[in-house]
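Now for the letters of each chain:
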Amino acid sequence: MGCTLSGLALNKPHSNANTTEMEIKVQELEDIANKLRVLSIKSTQASNSGHPTSCASMAEVMSVLFFHTMRYKRCSPRDASSDRFILSKGHAAPILYAAWAEVGLFAQKDLLNLRKIDNDLEGHPTPRLNFVDVATGSLGQGLSVACGMAYVGKYFDKASYRTYCLIGDGESAEGSIWEALSFAGIKKLDNLVAIFDINRLGQSEPTAFQHDMDIYRTRLESFGFNALVVDGHDVEALCKAFHEASQTKDKPTAILAKTYKGRGFPSIEDEENWHGKPLGSKAEAVIEHIESQIKNSGPNTLVPQKPLHEDAPEVDISNIKLSSPPNYEKGKEVATRQAYGTALSKLAENNPRVIALDGDTKNSTFSNAMLKTDADRYIECFIAEQNLVGVGIGATCRDRTVAFVSTFAAFFTRAFDQLRMGAISQTNLNCVGSHAGISIGEDGPSQMALEDIAMFRSIPTATVFYPSDAVSTERACELAANTKGICFIRTSRPGTAVVYDNDHEFEIGKANVIKSSDKDQILVIGAGITLKTALKAAESLSGEDINVRVVDLFTIKPIDKDGIIKNARDCGGRIIVVEDHYAEGGIGEAVMSAVALERDIIVRHLAVPRVPRSGKCDELLDMFGISASAIIKAAKEIKNL
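Residues numbered from 1 in each chain as written. Predicted model: local features only at pLDDT ≥ 70, side-chain atom pairs only at ≥ 80, totals over all residues. Heavy atoms only, no water.

Visitor: Looking at this structure, how should I read the state of the cysteines?
Guide: In protein chemistry, a disulfide is the covalent bond that joins the sulfur atoms of two cysteines. A full pass over the atoms with the stated rule returns zero disulfides. Lacking any disulfide linkage, Cys-381 is separated from the closest cysteine sulfur, that of Cys-147, by 9.3 Å. You can call Cys-381 buried: its relative accessible area is 3%. (Disulfide = S-S within 2.5 Å. Buried < 20%, exposed > 50% of the residue type's maximum accessible area, 1.4 Å probe, protein only.)

In structure tokens form, the structure reads like this:
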């Protein structure tokens, strides 16, 4: 079997011979659909878990996509020029695995290892498999990722590959789907096809619109889609719909496939209470029934087919550097959010694959710096943070871009599920959250990120940067651009004094001592605005013969455990952590975890203790106990313990 796959043409016949040839191809696509059904049943029977009925409704769609429409390489599923396929309804993973087995990527007998702990054919797709770009299964996320992939294909790669996303009708109730539909229509992603498997039944009851196809069509058209309603079990109709999609310009296509859950399963098709259940004792009879409809039980003849368009450009996103080093005057106050914009521009100047995405906050996060560097590499995602993060994840797939996604840090909480799934997806995404903490002032608690460090610390693949001045912010962005996994850079609204030399070398997981002496009695750890208050407190305490060492962590995760312990021991084992964040899950708990097994080290933790309110920055710092005066008071108390 050859390595390249793509679509055959099902044109209207001009002779009886052509009619016969077309009928044979249609029959073979129908046979493949039924083979995929059988393989899905067998694999879920072997694992005694899974979703065979959800697989059955989309069998013809998968047959047409994989054996007629898509262009891709069997031996290299993630080839840069190949079409992309995202299975948003990830619980139907068995039929995705079955399709790749039928293609010949791996042996069909391996399907019987579904959901086993020593096998990568998991219950929902993950990129442990070389034919999966992103993890799916938390519903409603696949279309945003597909939008990101399609955007890169159309506007950056300018390549022929197309992106297909298969969505369940149940998950279409998710708001993130509608955010993605809006984005796709606005951006005119004519290389994107959203396929809705409208099988009428959800998990516990029928879906909201069941088989009212006019509602789906009207809604999709209102978002700027070419919406095609088809019989999802008619392979010829599907072939024609996908062909029309390929000819449609300046708008994405939605194929609204009317299907039936458990299609072809006697006494199960279109019946409730079969979601997520193997067929059990009914499996043998159902398999026998389906196999009786297969005309060609041998190897299919539809592969290999037309060659791939090898037109995706080579991309190098390694060793990304600032175009020039930081250039700041020590002591001058510069907001770290502003320094982020400067860093973004410098990185983009040095590498054409650095891109910026924002959710209509670019003039606050300073991501608008990209507009001056290269407006084409700025993607406005509007106020739709779930889609913002999803598009960013899609844009970074197959290492096509280095994406910086920015918004107010508080609003990343809306996209926590996308970030959580991003970790499973092995994604490389840089998130920049501005307006952190109560220091933003009068805007009030709805805008104040006070949970963001805890959130990003909980993500297993995350690196959490908290730069305290403009120099460290630029270097944090440079390091993030070259770091695998999810990176979070927390930036502040008010200006903070430049404390580092422009040539200071930063390392992930390495803290920096900002102020010290040989007689230090207390170690104070701050970050961002609280580094500023810590230095102010240290200066005041020195007049009372209380020597304070001040440390800036730079990264909260990984944390510099050894550095904290060493500096704490130098200071008599007394630590004060002060942070512009709630106490739970922030810097204080990270520090306490680092010293938990150490003898004779005590930690005093100053954090925002309750829901704050509007006010001026200095007033809020004082009211909520993270000002210089609060640090002075804590230092005097801890000194005598």
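Visitor: I tried to follow the side chain of Asp-552 on my own but got confused; where do I start?
Guide: Among the structural elements, Asp-552 can be located in strand β18 (residues 548-552). Despite being buried, Asp-552 has no salt bridge partner; Arg-490 is the closest side chain of opposite charge, sitting 11 Å away. A polar atom in the side chain of Asp-552 sits 3.0 Å from the side chain of Ser-468. The contact partners of Asp-552, leaving out residues within four places of it in the chain, are Tyr-466, Ser-468, Tyr-500, Ala-511, Asn-512, Ile-514, Gly-526, Ala-527 and Leu-531. (Helix = DSSP H or I, 4+ residues; strand = E, 2+ residues; numbered from the N terminus. Lys, Arg positive; Asp, Glu negative; His and termini not counted. Salt bridge = Lys/Arg side-chain N within 4 Å of Asp/Glu carboxyl O. Polar contact = N/O pair within 3.5 Å; in protein donor to acceptor, adjacent residues only side chain to side chain. Contact = heavy atoms within 4.5 Å.)

Visitor: Where do I start with the pattern of salt bridges in this structure?
Guide: Between side chains of opposite charge, pairing is possible as soon as their charged atoms come close. Overall, the coordinates contain 32 salt bridges when judged by the stated rule. The partner of Arg-37 in a salt bridge is Glu-60, and the shortest N-O contact between them spans 2.7 Å. Of the two residues, Arg-37 sits in helix α1 (residues 16-47) while Glu-60 sits in helix α3 (residues 59-69), which places them 23 residues apart along the sequence. As far as burial versus exposure is concerned, Arg-37 and Glu-60 are alike and both buried.

Visitor: Would you mind showing me how to read the UniProt feature "domain: Transketolase-like pyrimidine-binding" (unreviewed entry) in the protein chain here?
Guide: Listed under "domain: Transketolase-like pyrimidine-binding" (unreviewed entry) in the UniProt record, and renumbered for this structure, are residues 334-498. Each end of residues 334-498 is marked by a C-alpha atom, and these two atoms are 7 Å apart; helix forms 39% of the span and strand 21%. (UniProt positions renumbered as here; feature names shortened; annotations may be inferred.)

Visitor: Please clarify how unusual backbone geometry should be interpreted in this entry.
Guide: Among all residues save glycine, negative phi is the norm, and among peptide bonds the norm is trans. Put simply, Lys-557 and Pro-558 share a cis peptide bond, and its omega is 0°. Within the secondary structure layout, Pro-558 lies in the loop between β19 (555-557) and α18 (561-570). Phi is positive for Asn-48, which is not a glycine, with a value near 55°. Following the sequence through the fold, Asn-48 ends up in the loop between α1 and α2 (52-56).

Visitor: What am I meant to see in the side chain of Arg-84 here?
Guide: Locating Arg-84 in the fold gives a position in strand β3 (residues 84-87). A polar side-chain atom of Arg-84 sits 2.5 Å from the main-chain carbonyl oxygen of Ser-82.

Visitor: Just to check I follow, could you spell out the environment of Ile-379 for this structure?
Guide: As for its position among the elements, Ile-379 is in strand β10 (residues 378-380). Considered as a pair, Ile-379 and Ala-99 are 280 residues apart in the sequence and their alpha carbons are 34 Å apart. Not counting chain neighbours up to four residues away, the residues in contact with Ile-379 comprise Tyr-151, Phe-156, Phe-183, Ile-355, Ala-356, Leu-357 and Asp-358.

Visitor: Which parts of the structure should I look at to understand the sheet that holds strand β6 (residues 226-231)?
Guide: The strands that make up a sheet are held in pairs by hydrogen bonds between backbone atoms, and each pair lies either parallel or antiparallel. The sheet built from five strands is open, its strands ordered β3-β4-β5-β7-β6 with parallel pairing. On the outer flanks of this sheet lie β3 and β6, each paired with one strand and no other. Ignoring which end each strand starts from, the neighbouring axes of this sheet average 20° apart. Bridge count between β6 and strand β7 (residues 253-258): six bridges; the pairing is parallel. By the bridge assignment, Val-230 is partnered in β7 with Ala-257. On top of the sheet, α3 reaches β3, β4 (163-168), β5 (192-198) and β7; it is set at about 175° to β4, its chief contact. Together, β4, β5, β6 and β7 form the strand contacts of helix α8 (residues 235-247), whose direction differs from that of β6 by roughly 170°. (Pairing = 2+ DSSP bridges. Axes fitted to C-alpha atoms, helices over the stretch in contact; angles between N-to-C directions.)

Visitor: Would you explain the pairing of β5 in this entry?
Guide: Two faces belong to every sheet, and in a regular strand the side chains alternate between them. Counting buried residues along β5, seven of its seven residues qualify, which places the element largely inside the surrounding structure. Residues of β5 alternate between two faces, with Leu-192, Ala-194, Phe-196 and Ile-198 on one and Val-193, Ile-195 and Asp-197 on the opposite face, all of them buried. Note: β4 against β5, six bridges, orientation parallel. Across the sheet, residue Gly-168 finds its bridge partner in β5, namely Asp-197. With helix α6 (residues 175-186) bridging β4 and its parallel neighbour β5, the resulting β-α-β unit is right-handed. (Right-handed = clockwise from strand over helix to strand, strands pointing away.)

Visitor: Sorry, what's going on with the confidence of the model for the protein chain here?
Guide: Predicted coordinates in areas of low pLDDT are best not read in detail. Across the protein chain, pLDDT averages 96, with 96% of residues at or above 70. Contacts of residues 4-15 to residues separated by more than four positions or lying in other chains number 44 contacts, the stretch itself having pLDDT below 50. (pLDDT = per-residue confidence, 0-100.)

Visitor: Any chance you could explain the nonpolar core here in plain terms?
Guide: Among soluble globular proteins, nonpolar side chains are generally buried collectively. Of all hydrophobic cores here, the largest spans 85 residues; its most connected members are Leu-143, Phe-196, Phe-456 and Ile-575. Among the elements that take part in this core, helix α5 (residues 142-157) stands out by supplying nine residues, more than any other. Residues in contact with Phe-456, not counting those within four places in the same chain, are Phe-412, Leu-419, Cys-431, Ala-462, Val-464, Ile-486 and Phe-488. (Core = buried A, V, L, I, M, F, W, Y, C linked by side-chain atoms within 4.5 Å.)

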